[in-house]
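Structure at a glance
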Amino acid sequence: WQSRFLNKYLGLEIPRGTLEAGTGAGKTRAAIMCMYAWYHQHPDGVVVFYIPAHLMPQTTAVMRSWMLSYARFGGGYKEALKGKKVYIVSYTSIHTFKAANVIEGRHSMFIMDECHRVAAKQTMKHFDEEFQGDACLMLSATPTRSDGIQPMTILNAPIVFDLPLIEGIRQSRTEQDSLDF
(Lines give C-alpha, C1' and ligand atoms only; values in the text may rest on other atoms or scores of the structure.)
Protein backbone atom coordinates (compact mmCIF):
# COMPACT_ATOMS: atom_id res chain seq x y z
CA TRP A 1 0.00 0.00 0.00
CA GLN A 2 2.91 2.34 0.60
CA SER A 3 3.79 2.18 -3.11
CA ARG A 4 0.20 3.02 -4.08
CA PHE A 5 0.29 5.96 -1.69
CA LEU A 6 3.68 7.16 -2.95
CA ASN A 7 2.46 7.16 -6.56
CA LYS A 8 -0.61 9.16 -5.58
CA TYR A 9 1.40 11.66 -3.48
CA LEU A 10 4.06 12.14 -6.17
CA GLY A 11 1.30 12.67 -8.74
CA LEU A 12 -0.04 15.72 -6.89
CA GLU A 13 0.48 19.03 -8.67
CA ILE A 14 1.52 20.54 -5.33
CA PRO A 15 3.06 17.98 -2.94
CA ARG A 16 0.79 18.57 0.08
CA GLY A 17 -1.44 15.94 1.58
CA THR A 18 -2.50 13.81 4.52
CA LEU A 19 -2.10 10.06 4.82
CA GLU A 20 -4.74 8.46 7.03
CA ALA A 21 -3.81 4.95 8.13
CA GLY A 22 -4.15 2.97 11.33
CA THR A 23 -1.54 2.73 14.06
CA GLY A 24 1.09 0.15 13.13
CA ALA A 25 0.20 0.13 9.43
CA GLY A 26 3.48 1.69 8.28
CA LYS A 27 2.92 5.44 7.92
CA THR A 28 6.53 6.21 8.88
CA ARG A 29 7.80 3.88 6.15
CA ALA A 30 5.56 5.64 3.63
CA ALA A 31 6.94 8.99 4.82
CA ILE A 32 10.53 7.80 4.35
CA MET A 33 9.68 6.73 0.80
CA CYS A 34 8.42 10.29 0.19
CA MET A 35 11.63 11.66 1.73
CA TYR A 36 13.77 9.70 -0.74
CA ALA A 37 11.67 10.98 -3.65
CA TRP A 38 12.04 14.53 -2.29
CA TYR A 39 15.84 14.21 -2.14
CA HIS A 40 15.91 12.91 -5.71
CA GLN A 41 14.09 16.05 -6.89
CA HIS A 42 15.86 18.46 -4.49
CA PRO A 43 19.42 17.30 -3.67
CA ASP A 44 19.89 20.49 -1.63
CA GLY A 45 16.62 19.85 0.22
CA VAL A 46 15.91 19.32 3.87
CA VAL A 47 13.18 17.34 5.63
CA VAL A 48 11.75 18.33 8.99
CA PHE A 49 9.87 15.48 10.67
CA TYR A 50 7.60 16.86 13.41
CA ILE A 51 6.48 14.38 16.04
CA PRO A 52 5.11 14.27 19.56
CA ALA A 53 8.07 13.94 21.96
CA HIS A 54 7.02 10.45 23.09
CA LEU A 55 7.53 9.18 19.50
CA MET A 56 11.19 10.30 19.37
CA PRO A 57 12.65 6.82 20.16
CA GLN A 58 10.31 5.05 17.72
CA THR A 59 10.89 7.49 14.85
CA THR A 60 14.67 7.53 15.28
CA ALA A 61 14.71 3.70 15.34
CA VAL A 62 12.93 3.64 11.98
CA MET A 63 15.35 6.25 10.59
CA ARG A 64 18.33 4.17 11.73
CA SER A 65 16.84 1.03 10.14
CA TRP A 66 16.82 2.95 6.81
CA MET A 67 20.37 4.20 7.55
CA LEU A 68 19.31 7.84 7.44
CA SER A 69 21.38 10.52 9.11
CA TYR A 70 19.35 12.94 11.20
CA ALA A 71 19.47 15.44 14.04
CA ARG A 72 17.01 15.21 16.95
CA PHE A 73 15.66 18.35 18.50
CA GLY A 74 13.32 18.32 21.49
CA GLY A 75 12.07 15.56 23.75
CA GLY A 76 15.30 15.75 25.75
CA TYR A 77 17.55 15.90 22.65
CA LYS A 78 19.41 18.90 21.28
CA GLU A 79 21.94 17.74 18.74
CA ALA A 80 24.04 19.83 16.37
CA LEU A 81 21.64 21.23 13.78
CA LYS A 82 23.73 22.78 11.01
CA GLY A 83 24.23 20.88 7.77
CA LYS A 84 21.78 18.00 8.27
CA LYS A 85 19.29 16.78 5.67
CA VAL A 86 16.76 15.40 8.18
CA TYR A 87 15.62 17.00 11.41
CA ILE A 88 13.35 15.17 13.85
CA VAL A 89 11.68 17.87 15.93
CA SER A 90 9.19 17.45 18.76
CA TYR A 91 6.01 19.52 18.61
CA THR A 92 6.93 21.18 21.89
CA SER A 93 10.22 22.43 20.36
CA ILE A 94 8.92 23.84 17.07
CA HIS A 95 9.36 27.47 18.16
CA THR A 96 12.97 26.92 19.26
CA PHE A 97 13.83 24.99 16.10
CA LYS A 98 12.24 27.69 13.94
CA ALA A 99 14.34 30.36 15.67
CA ALA A 100 17.55 28.45 14.82
CA ASN A 101 17.04 29.25 11.08
CA VAL A 102 18.73 26.03 9.93
CA ILE A 103 16.40 25.49 6.97
CA GLU A 104 16.33 29.06 5.68
CA GLY A 105 17.01 29.22 1.95
CA ARG A 106 16.70 25.46 1.40
CA HIS A 107 13.92 23.49 -0.26
CA SER A 108 11.98 22.01 2.62
CA MET A 109 9.57 19.15 3.13
CA PHE A 110 7.62 19.01 6.38
CA ILE A 111 6.28 15.70 7.64
CA MET A 112 3.99 15.78 10.65
CA ASP A 113 3.20 12.56 12.50
CA GLU A 114 0.01 12.50 14.55
CA CYS A 115 -1.03 15.61 12.61
CA HIS A 116 -4.23 15.98 14.61
CA ARG A 117 -1.98 17.40 17.35
CA VAL A 118 -0.69 20.14 15.04
CA ALA A 119 -4.01 21.99 15.35
CA ALA A 120 -3.49 22.71 19.04
CA LYS A 121 -3.43 26.50 19.46
CA GLN A 122 0.09 26.59 20.94
CA THR A 123 1.46 24.53 18.05
CA MET A 124 -0.43 26.23 15.20
CA LYS A 125 0.87 29.69 16.04
CA HIS A 126 4.33 28.55 14.85
CA PHE A 127 3.15 27.50 11.39
CA ASP A 128 3.06 30.75 9.49
CA GLU A 129 3.02 30.59 5.71
CA GLU A 130 6.82 30.61 5.40
CA PHE A 131 7.18 27.70 7.79
CA GLN A 132 4.91 25.20 6.03
CA GLY A 133 7.51 23.99 3.54
CA ASP A 134 7.58 23.48 -0.19
CA ALA A 135 6.04 20.06 0.42
CA CYS A 136 3.95 18.81 3.33
CA LEU A 137 2.98 15.30 4.35
CA MET A 138 0.76 14.81 7.36
CA LEU A 139 0.28 11.40 8.99
CA SER A 140 -2.41 10.25 11.38
CA ALA A 141 -4.71 7.39 12.24
CA THR A 142 -7.27 10.03 13.31
CA PRO A 143 -6.67 13.29 11.40
CA THR A 144 -10.14 14.65 12.16
CA ARG A 145 -10.30 16.35 15.57
CA SER A 146 -13.36 16.24 17.80
CA ASP A 147 -13.17 20.02 18.39
CA GLY A 148 -13.85 20.72 14.71
CA ILE A 149 -10.39 22.15 13.96
CA GLN A 150 -9.04 20.54 10.80
CA PRO A 151 -5.23 20.66 10.51
CA MET A 152 -5.49 19.43 6.92
CA THR A 153 -7.39 22.59 5.99
CA ILE A 154 -5.15 24.92 7.99
CA LEU A 155 -1.98 23.57 6.36
CA ASN A 156 -3.60 23.03 2.93
CA ALA A 157 -2.94 19.28 3.03
CA PRO A 158 -6.20 17.41 2.29
CA ILE A 159 -6.49 13.67 2.85
CA VAL A 160 -5.03 12.08 -0.28
CA PHE A 161 -4.93 8.47 0.90
CA ASP A 162 -7.06 6.63 3.43
CA LEU A 163 -6.08 3.08 4.34
CA PRO A 164 -8.57 0.96 6.31
CA LEU A 165 -6.99 -0.32 9.53
CA ILE A 166 -7.26 -4.06 8.83
CA GLU A 167 -5.91 -3.75 5.28
CA GLY A 168 -2.94 -1.71 6.46
CA ILE A 169 -1.97 -4.10 9.22
CA ARG A 170 -2.41 -7.12 6.97
CA GLN A 171 -0.20 -5.64 4.24
CA SER A 172 2.45 -4.03 6.45
CA ARG A 173 3.32 -6.75 8.93
CA THR A 174 5.73 -9.40 7.69
CA GLU A 175 8.14 -11.85 9.24
CA GLN A 176 11.04 -9.58 8.22
CA ASP A 177 9.86 -6.67 10.38
CA SER A 178 12.53 -5.91 12.95
CA LEU A 179 10.64 -2.99 14.46
CA ASP A 180 7.38 -3.73 16.21
CA PHE A 181 5.48 -0.75 17.55
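A brief look at the structure comes next. (Residues numbered from 1 in each chain as written. Predicted model: local features only at pLDDT ≥ 70, side-chain atom pairs only at ≥ 80, totals over all residues. Heavy atoms only, no water.)

**Things to note about the packing of aromatic side chains**
The line we're drawing: Ring pairs shown here join Phe, Tyr and Trp side chains whose ring centres sit within 6.5 Å, with only the six-membered ring taken for Trp; geometry is labelled stacked below 30 degrees between planes, edge-to-face above 60, and tilted in between. Whether a charge sits over a ring depends on NZ of Lys or CZ of Arg being within 6 Å of the ring centre and within 35 degrees of the ring normal.
Going through the model one piece at a time under the given rule, you end up with seven aromatic pairs. Grouping aromatic residues by their ring pairs yields a cluster made of Trp1, Phe5, Tyr9 and Phe161. The ring of tyrosine 39 has lysine 85 sitting right over it, with the charged end atom 4.7 Å from the ring centre.

**A closer look at unusual backbone geometry**
Selection criterion: Only runs of H or I of at least four residues qualify as helices and only runs of E of at least two qualify as strands under DSSP, and these elements are numbered from the N terminus.
Of note in this structure, methionine 67 is not a glycine but carries a positive phi near 60 degrees. Position of methionine 67 among the secondary structure elements: in the loop between helix H3 (56-65) and strand E3 (71-74).

**Notes on H3**
Residue pairs spaced three or four apart in an α-helix point in one direction, given the helix's 3.6 residues per turn. Rules: Only protein chains enter the accessibility calculation, which uses a 1.4 Å probe; a residue is then buried when its area is under 20% of its type maximum, exposed when over 50%, and partly exposed in between.
Where H3 is concerned, the buried positions are Met56, Thr59, Thr60, Ala61, Val62 and Met63. Positive backbone phi, at 60 degrees, marks methionine 67, one or two positions downstream of H3.

**Observations regarding the pairing of strand E6 (residues 108-113)**
Remark: a regular strand shows side chains that alternate across the two faces of the sheet. Filter applied, for reference: By definition, two strands form a pair when at least two bridges between them are found by DSSP.
For E6, the tally of buried residues reaches six of six residues, placing the bulk of the element in the interior. Residue alternation in E6 divides its side chains into two sets, Ser108, Phe110 and Met112 and Met109, Ile111 and Asp113, and both sets are buried. Sheet topology note: the strand E2 (residues 46-51)/E6 ladder contains five bridges and is parallel. Bridge pairing links phenylalanine 49 to isoleucine 111 in E6. Of the pairings in the sheet, the one linking E6 to strand E7 (residues 135-140) comprises five bridges and is parallel in character. The residue bridging aspartate 113 from the neighbouring strand is leucine 139, located in E7.

**Re the packing of helix H1 (residues 2-10) against helix H2 (residues 27-41)**
Using the following cut-off: Axis definition: a line fitted to C-alpha atoms, over the contacting stretch in the case of helices. Angles run 0 to 180 degrees between N-to-C directions. Roughly parallel refers to an angle under 35 degrees, roughly antiparallel to one over 145, roughly perpendicular to one between 65 and 115, and oblique to any angle outside these ranges. Left-handed is the label given to a crossing in which the near helix is rotated counterclockwise from the far helix by less than a right angle, and right-handed is the label when the rotation is clockwise. Working rule for contacts: check all heavy atoms of both residues, and any pair within 4.5 Å makes them a contact.
At a closest axis distance of 10 Å, the pairing of H1 and H2 adopts a crossing angle of 45 degrees. Compared by their axis directions, H1 and H2 come out oblique. Here H1 and H2 pass one another in a crossing that is right-handed. Listed contacts from H2 to Gln2, Ser3, Phe5, Leu6, Tyr9 and Leu10 of H1 are Arg29, Ala30, Met33, Cys34 and Ala37.

This is a description of form; function is not addressed.
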